[in-house]
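Chain by chain, the residues run as shown.
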Amino acid sequence: ITISNIDKDGPVLDIKYSSTQNTIENVIVTITSDEKIQEISTWTRVNDNTLTKTFTKNATEKVIAKDIVGNETQKTITVNNIIPIRIKEGSGIVIENDIIKNIQPKTTYYKLMENLETRQNISIKEGETKLTENSIIKTGQKLIVNDTTYTLIVLGDTNGDGDANLRDMLQINNHRLNKNQLNSIQQQAADTYKDNKIDLKDMFKINMYRLKKTSAL
């Protein structure tokens, strides 16, 4: 007697992601099988062949899908496109790795928040002190989104007072003359000309701003 109709094949799975582009939204992953599959822990059943899961942060997860007789198929689910925060177009602000820069001098906490998009809770701290709505954003402050921390950089604000003025020009000049070097965060604040150099052009821009001959850096 020959028995040849025993199912030994695991289910064929199709994995779809609600978004594969960078997004601040949750990512929904859908597993669709070519046959009925068993429950998978932490996943939600849509029908006999389909399960979904909502990811609120980036993660890698191995799933094992079993058909009704126990044949298995293993897949690795990778969500790596959820970003904690996004800058609104036209603001001029830039995120680079763990830095948020090109913030204009005298920007308030409230004004900065208007230019950010996120689904997470945000706090900004100067040391251990949390900023309030009317607080001025200063170079060196930390913006915290869940477990991600960004250092804030205000254009022209090398001394960390939230403005661009003579004190900053003096620090930039001392750096330029190798009298007192700015640290890496201060150097990015000093580069008002945005040419990756610190020189007289940056001081000139700050002076024009200080004298109210230009409204922004």
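Model, not experiment: these values are computed from the prediction.

Rules behind the numbers
- Residues numbered from 1 in each chain as written.
- Predicted model: local features only at pLDDT ≥ 70, side-chain atom pairs only at ≥ 80, totals over all residues.
- Heavy atoms only, no water.
- Buried < 20%, exposed > 50% of the residue type's maximum accessible area, 1.4 Å probe, protein only.
- Helix = DSSP H or I, 4+ residues; strand = E, 2+ residues; numbered from the N terminus.
- Pairing = 2+ DSSP bridges.
- Axes fitted to C-alpha atoms, helices over the stretch in contact; angles between N-to-C directions.
- Parallel < 35°, antiparallel > 145°, perpendicular 65-115°, else oblique.
- Contact = heavy atoms within 4.5 Å.
- Nonpolar A, V, L, I, M, F, W, Y, C, P; charged D, E, K, R; others polar.

Caption draft 1: Representation of the pairing of strand 9 (residues 99-103) within the structure. When you tally the buried positions in strand 9, you get 5 out of 5 residues, the bulk of the element. Bridging between strand 8 (residues 94-96) and strand 9 involves 3 bridges; their strand directions are antiparallel. Bridged to Ile95 within strand 9 is Ile100. A loop of 2 residues connects strand 8 with strand 9, the two strands running antiparallel in sequence, and Asn97 in this loop sits at a positive phi of about 55 degrees. For strand 9 and strand 14 (residues 148-154), the ladder comprises 3 bridges, and the chain directions are parallel. What sits directly across from Ile99, in strand 14, is Thr151.

Caption draft 2: Highlighting the packing of helix 2 (residues 166-176) against helix 4 (residues 200-210). At a closest axis distance of 10 Å, the pairing of helix 2 and helix 4 adopts a crossing angle of 175 degrees. In terms of orientation, helix 2 lies roughly antiparallel with respect to helix 4. Residues Leu166, Met169, Ile172, Asn173 and Arg176 of helix 2 lie in contact with helix 4, whose contacting residues are Leu200, Met203, Ile206, Asn207 and Arg210. For the contact of helix 2 with helix 4, a count of residues per class yields 6 nonpolar, 2 polar and 2 charged.

So, to be careful, I would describe these as geometric facts and stop short of saying anything about function.
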